Amino acid sequence: METEADKLAFCLLIQFCITLVSASGPAMEEPMLRPGEQITAYAQSLNVGAQAIPCVCDWNSDGRKDLIIGYRYDDKVALFVNQGTDANPAFGTFENLQAAGADIVHPGAGCGAPAPWVCDYDADIKKDLLVGTGTEGYVYFYRNTNTDDNPVLVAGVRLTMGGSTLSVGARATPYVHDWDEDGLNDLLCGDVNGNVHLFRNVGTAGSPSYASDALIQANGVPAGFGLRSAIRVLDWDGDGLKDLLGSASDNASWCKNVGTNAAPDLNAPARLQAPEEGIGLTNIDTGYRMRLEVVDWNDDNVTDLIIGTHDGYVVFYEGYDFAITAVEIQNESETAIQWNSALYLTYNVWCGETPANLSPVAAGLTSGGKTTSWSETPAGNTRFYRVQLAE
């Protein structure tokens, strides 16, 4: 006669014997993305007018992420202070960031909105602001002369290279990162042609200096993302190596690093995908002039994707780990499994008594939303399960 202890051991055996792989789309370690949804302010879709270029940071150091957006046609930089929580940001009206007592303005044309990036640029333990200009391709440094929780910016100064004004031609989107792991932050910058410029810091942490401009390579050629690139650097696939993410005219993509952190060797850009209603998993495309930000938006320890759109909206793509999350013995004859999922996708389930001997047992299962469940009557005492995206 089967005891409760026997049932528990059976359940644990199933849990520890589970494997899950994706039949198509991203690799296991790469976050999968749920359908895009527009970020809201005052219970309606947040919209700054046109050409939204987002940057996420805790501007007032209150422990909650805020949203900074460069936009047209006022050509200013908006600050949306988070009135919710770090895990559930909420926004009301915005104010424009100021320097020297006046709104920061960088006149542009077409899609040439100011591109903000917040960082401690001069290593004084206070956040500063960099702004890339759309028309000239300059990068301005706005130094914070007050405190980290109440920034006060002085008038911006153009960054220089070798004694001349630094420029990437047009549509500068700056980003600061220690690319070569030498302890000094470097300047990376997207441009109008979709390249990624690397300005290595040959100065100091407190006084960055640049002597040369090199284009970051991917698969042996410049890492072009398409027209008007914006970029970020992080370990996208969880292998311990930083990767390069970028967005441009019609795509968001990533370049996998197969080198080292100190000497990245990048694969060619691969499209980021998310589900769409009636389509399933497809390349992310919110329309031309996409500008990305990458951050854990909902504080769940999984990286999310933010896209600023050409028509002034900001779209949130929630990242999630495609994994089985629960196995239950519902009664003596039925086992239920549950996995992280996304709307507009369908799934196939395989199972068997060994990982090498799996057979299909369910096909075309409709997503249940953020989680999907399925149950069966096991044929044996040991079951291995695999969930795949349906073709």
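Parameters and conventions
- Residues numbered from 1 in each chain as written.
- Predicted model: local features only at pLDDT ≥ 70, side-chain atom pairs only at ≥ 80, totals over all residues.
- Heavy atoms only, no water.
- Helix = DSSP H or I, 4+ residues; strand = E, 2+ residues; numbered from the N terminus.
- Rg over C-alpha atoms; globule rule 2.2 N^0.38 Å.
- Buried < 20%, exposed > 50% of the residue type's maximum accessible area, 1.4 Å probe, protein only.
- Contact = heavy atoms within 4.5 Å.
- Areas by Shrake-Rupley, 256 points an atom, 1.4 Å probe, with all protein chains shown as cover.
- Lys, Arg positive; Asp, Glu negative; His and termini not counted.
- Charge placed at Lys NZ, Arg CZ, Asp CG, Glu CD.
- Core = buried A, V, L, I, M, F, W, Y, C linked by side-chain atoms within 4.5 Å.
- Pairing = 2+ DSSP bridges.

Trainee: I'd like a description of the overall build of the protein, backed by residues and values.
Mentor: In terms of regular secondary structure, the protein is built from one helix and 38 strands. Against the globule reference of 21 Å for 391 residues, the protein gives a C-alpha radius of gyration of 24 Å, in line with a compact fold. Expressed as lengths along the three principal axes of its C-alpha atoms, the size of the protein is roughly 85 × 45 × 40 Å. Considering the protein as a whole, with its 391 residues, one finds that 52% of them fall into the buried category. Look at the contacts in the protein between residues 6 or more apart in sequence, and 51% of them connect residues 24 or more apart. As displayed, the protein offers around 16,300 Å² of accessible surface, 48% of which is attributable to carbon and sulfur atoms. One way to put it: in the protein the 22 positive side-chain charges average out to a point 7 Å from where the 51 negative ones average out.

Trainee: Requested: an account of the nonpolar core, with residues and values cited.
Mentor: A general trend in soluble globular proteins is that nonpolar side chains are found buried together. The biggest cluster of nonpolar side chains holds 46 residues, and the ones touching the most others in it are I68 and L244. For this core, the leading source of residues is strand β13 (residues 139-142), giving four residues. Every residue in contact with L244, bar those within four places of it in the chain, is listed here: V196, I216, A223, F225, I231, R232, V233, S253, W254, C255 and L266. Counting residues in each nonpolar core, the second largest holds 18 residues, with M32, V349, L365 and V387 among its members.

Trainee: Quick rundown of the side chain of D180? Include the residues and the values.
Mentor: With respect to the element layout, D180 can be found in the loop between β17 (173-177) and β18 (186-190). Judged by its relative accessible area of 18%, D180 is buried. For D180, the residues in contact, after removing those within four places along its chain, are D186, R200, K242 and A262.

Trainee: Give a detailed account of the environment of L97, specifying residues and quantitative values.
Mentor: Relative to the elements of secondary structure, L97 occurs in the loop between β8 (95-96) and β9 (98-99). Separated by 55 residues in the primary sequence, L97 and V152 place their C-alpha atoms 9.4 Å from one another. For L97, the residues in contact, after removing those within four places along its chain, are W59, I68, V77, L79, A102, D103, I104 and L129.

Trainee: Give a description of the pairing of strand β5 (residues 50-57) that names residues and reports values.
Mentor: As a general feature of sheets, a regular strand has side chains that alternate between the two faces. In terms of residue burial, β5 counts as a mostly covered element, since eight of its eight residues are buried. Judged from the six bridges that link them, β5 and strand β6 (residues 66-72) form a sheet pairing that is antiparallel. By the bridge assignment for β6, C55 is matched with I68.

Trainee: Outline unusual backbone geometry, listing residues and values.
Mentor: Residue Y73 is reached from R72 by a cis peptide bond, and omega for that bond is 10°. Mapped onto the fold, Y73 is located in the loop between β6 and β7 (76-80). Phi at Y42 is positive, roughly 55°, even though this residue is not glycine. Phi at N219 takes a positive value of approximately 55°, unusual for a residue other than glycine. Summarising the element assignment, N219 is placed in the loop between β21 (217-218) and β22 (221-222). For N219, a relative accessible area of 58% puts it in the exposed group.

Trainee: Which residues make up the sheet that holds β17, and what are the values?
Mentor: Read from one edge of the open sheet, four strands run β17-β18-β19-β20, paired in antiparallel fashion. Each of the sheet's edge strands pairs with one partner strand only, and the pair in question is β17 and β20 (214-215). Note: β17 against β18, five bridges, orientation antiparallel. Opposite V176, over in β18, you have L187 as the bridge partner.

This is a description of form; function is not addressed.
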